[in-house]
Amino acid sequence: MSLDSNYLMNSAQNFANVASSLNSQSSSQSVVNISMGTTSVNFMDELVKEYLIFRGFNSSVKSFDNDLKQDKDRSFKPEKITDQLLSYIYSFDLSGLIDYWNYLEQKYFSRITIKISKNSHFTLIKRYELYLHRLYVINTIKCGKQDKTFEFFDNLANKQQLQFEWKEWYCLPFLKNPEENQIFSIYFTQNWIDAFIAFEL
């Protein structure tokens, strides 16, 4: 058997071991272990990259590296996912923010089983989404991007018009000094922004 064949066989065996480990975890645990998922994904990434380098597929290595940089999952690292969400907020990319949140919700939030009731988990996720959107709106106002503020309310009006939490917010674009308003002033403080960013689901 050639060196190349031996390497491929060893890689395949490693892959099988990781897959087996993941399957046994999912069947024996009802709680998603994010840190273990990170380790396994990173291991598989390195394994694939190592094999491509071994075979001399340099263009494939470059393509793989580019794909990893654009990875929506951010290797399951919460701090990287938070950074991505914040980058959409600070660049006023509303569609990017909504699309990325929907991706996270469909791929992860809807599947996570945690040791609290399903209703409590749903409320927690929705509360985080609410404050994420509020941070977006506050940032548009603080930066004087009135067009982006109106864009937000125009795009999400149908979704939010029945939500009690947004009832008082529709007047926000029309207030002269919203940071002095008793309803909204807290959201303009750096303490609230820092506390939200530091919050973990």
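Residues numbered from 1 in each chain as written. Predicted model: local features only at pLDDT ≥ 70, side-chain atom pairs only at ≥ 80, totals over all residues. Heavy atoms only, no water.

Peer 1: Explain the packing of aromatic side chains to me, and be specific about the residues and the numbers.
Peer 2: All told, the structure shown has 16 aromatic pairs when counted by the stated rule. Considering the side-chain rings of tryptophan 166 and tryptophan 169, the 5.4 Å spacing of their centres and the 65 degrees angle between planes classify their relative orientation as edge-to-face. The same class applies to tryptophan 166 and to tryptophan 169, which are both buried. (Phe/Tyr/Trp six-rings, centres within 6.5 Å; stacked < 30°, edge-to-face > 60°. Buried < 20%, exposed > 50% of the residue type's maximum accessible area, 1.4 Å probe, protein only.)

Peer 1: Talk me through the nonpolar core; I want residue IDs and the actual numbers.
Peer 2: Judged by nonpolar contacts, the single largest core of 34 residues is most densely connected at Leu85, Leu104, Leu132, Phe152 and Trp169. Elements supplying a minimum of two residues to this core: helix H4 (78-90), helix H5 (94-109), helix H6 (118-142), helix H7 (146-160) and helix H8 (190-198). (Core = buried A, V, L, I, M, F, W, Y, C linked by side-chain atoms within 4.5 Å. Helix = DSSP H or I, 4+ residues; strand = E, 2+ residues; numbered from the N terminus.)

Peer 1: Could you give me a rundown of the pattern of salt bridges, with the residues and numbers involved?
Peer 2: Within this structure, the stated rule accounts for three salt bridges. Residue lysine 126 pairs with glutamate 105 through a salt bridge whose shortest N-O separation is 3.2 Å. In this pair, lysine 126 is assigned in helix H6 and glutamate 105 in helix H5, connecting sequence segments 21 residues apart. A residue is classified by how much of its surface remains accessible, and lysine 126, at 29% relative accessible area, is partly exposed. In this structure, the salt-bridge partner of lysine 126 is glutamate 129, at a minimum N-O distance of 3.3 Å. Placement of both lysine 126 and glutamate 129 in helix H6 is noted, with a separation of three residues, approximately one turn of the helix. Among the charged side chains, a salt-bridge network with shared partners connects Glu105, Lys126 and Glu129. (Salt bridge = Lys/Arg side-chain N within 4 Å of Asp/Glu carboxyl O.)

Peer 1: Give me the lowdown on the confidence of the model for the protein chain, citing residues and values where you can.
Peer 2: Interpreting fine coordinate detail is not advised for predicted regions of low pLDDT. Averaged over every residue, the pLDDT of the protein chain is 75; residues scoring 70 or more account for 66%. Within the protein chain, H8 carries the highest mean pLDDT (89), whereas helix H1 (residues 3-28) carries the lowest (48). Segment residues 1-5: pLDDT under 50, and six contacts once partners within four positions in sequence are set aside and those in other chains are kept. Below pLDDT 50 for its whole length, residues 21-36 participates in nine contacts with residues either more than four positions away or in separate chains. (pLDDT = per-residue confidence, 0-100. Contact = heavy atoms within 4.5 Å.)

Peer 1: A description of the packing of H4 against H5 should follow, citing residues and the corresponding values.
Peer 2: It is the contact of H4 with H5, at a shortest axis distance of 8 Å, that shows an interaxial angle of 155 degrees. Between H4 and H5, the crossing angle belongs to the class labelled roughly antiparallel. Of H5, the residues touching H4 (which contributes Ile81, Gln84, Leu85, Tyr88 and Ile89) are Gly96, Leu97, Tyr100, Trp101 and Leu104. Split by residue class, the contact of H4 with H5 holds eight nonpolar, two polar and no charged. (Axes fitted to C-alpha atoms, helices over the stretch in contact; angles between N-to-C directions. Parallel < 35°, antiparallel > 145°, perpendicular 65-115°, else oblique. Nonpolar A, V, L, I, M, F, W, Y, C, P; charged D, E, K, R; others polar.)

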